[in-house]
Amino acid sequence: MGSNASSVHDVPSSMQTKSGLVVEIESRRQWRLLFDSMKGSNKLLVIDFTAAWCGPCKAMEPRVKEIVSRYPEAVFARVDVDRLMDVAGTYKANTLPAFVFVKRGEEIDRVVGAKPNELVNKIEKHRV
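Residues numbered from 1 in each chain as written. Predicted model: local features only at pLDDT ≥ 70, side-chain atom pairs only at ≥ 80, totals over all residues. Heavy atoms only, no water.

Q: Explain the environment of Glu118 to me, using residue names and the numbers behind them.
A: Note that Glu118 resides in helix α4 (residues 116-126). Contacts of Glu118, omitting those with residues within four sequence positions, involve Arg110 and Val111. (Helix = DSSP H or I, 4+ residues; strand = E, 2+ residues; numbered from the N terminus. Contact = heavy atoms within 4.5 Å.)

This is the structure in C-alpha cells:
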C-alpha cells in the first residue's frame, strides 16, 4: 500500500488531457503527496516549472499539452514558481520554463527554456 503509481490519480487538481495526466500542483502538501507516491514507481515524472508572467511558458503550453497526450505512461506536474518557491528552489528552477525529469525521487535530467524538440527527445530517452 502507500507508494504506487495509481495513487497519483488521487492527487487533487489533476487535469486529464486526451490520453495523459497533468497534475496542477497548488500546495506543498499536494506536492509531497505526488512526490512520495512516485518514489516507489519507475514511472517518469516530468515537472513543468512555470509562472503566470512567463511569456515562453505560455508559448510552450499548447506544445506541452500535445506532448502530454503522446506520453500517457509519464506523469506531468505543473508547478507555479511564485506559488511554490520552495519546490522551485529545491530543483533550482531559476530560468523558465524548466522541465525536470525525476524517477524514483531522483532528478535524472532537465530541459531549460522553450525547447519542445529537446523535451520530446528527453522524454523518449527516459520514459522506459
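Q: Describe the state of the cysteines, naming the residues involved and giving the relevant values.
A: Evaluation of the coordinates by the stated rule reveals 1 disulfide. For Cys54, the disulfide goes to Cys57, at an S-S distance of 2.3 Å. Its S-S torsion of about 75° marks the bond between Cys54 and Cys57 as right-handed, since a negative value means left-handed. Of the residues examined, Cys54 reaches a relative accessible area of 4% and is grouped as buried. Since its relative accessible area comes to 5%, Cys57 is described here as buried. (Disulfide = S-S within 2.5 Å. Buried < 20%, exposed > 50% of the residue type's maximum accessible area, 1.4 Å probe, protein only.)

Q: Give a description of the side chain of Ser37 that names residues and reports values.
A: Residue placement: Ser37 occurs in helix α1 (residues 28-39). The exposure class of Ser37 is buried, given its relative accessible area of 5%.

Q: For α4, give the residues involved together with the corresponding values.
A: Those residues of α4 not exposed but buried are Pro116, Leu119, Val120, Lys122, Ile123 and His126. Along the axis of α4, the buried residues cluster in a sector spanning 165°; they form a single face. Facing away from the buried surface of α4 by more than 90 degrees, the exposed residues are Asn117, Asn121 and Lys125. In this fold, the buried residues of α4 make contact with β3 (45-50), α2 (55-70), β4 (75-80), β5 (98-103) and β6 (106-112). (Arc of directions from axis to C-beta.)

Q: I'd like a rundown of the pairing of β3, residues and numbers included.
A: Most of β3 sits inside the fold, with 6 of its 6 residues counted as buried. Side chains Leu45, Ile47 and Phe49 of β3 all project onto a buried face; the interleaved residues Val46, Asp48 and Thr50 project onto the opposite face, where all are buried too. Note: β3 against β4, 6 bridges, orientation parallel. Paired with Ile47 across the strands is Ala77, a residue of β4. The parallel pair β3 and β4, bridged by α2, forms a crossover whose chirality is right-handed. Strand direction decides the pairing type here: β3 and β5, joined by 5 bridges, are antiparallel. (Pairing = 2+ DSSP bridges. Right-handed = clockwise from strand over helix to strand, strands pointing away.)

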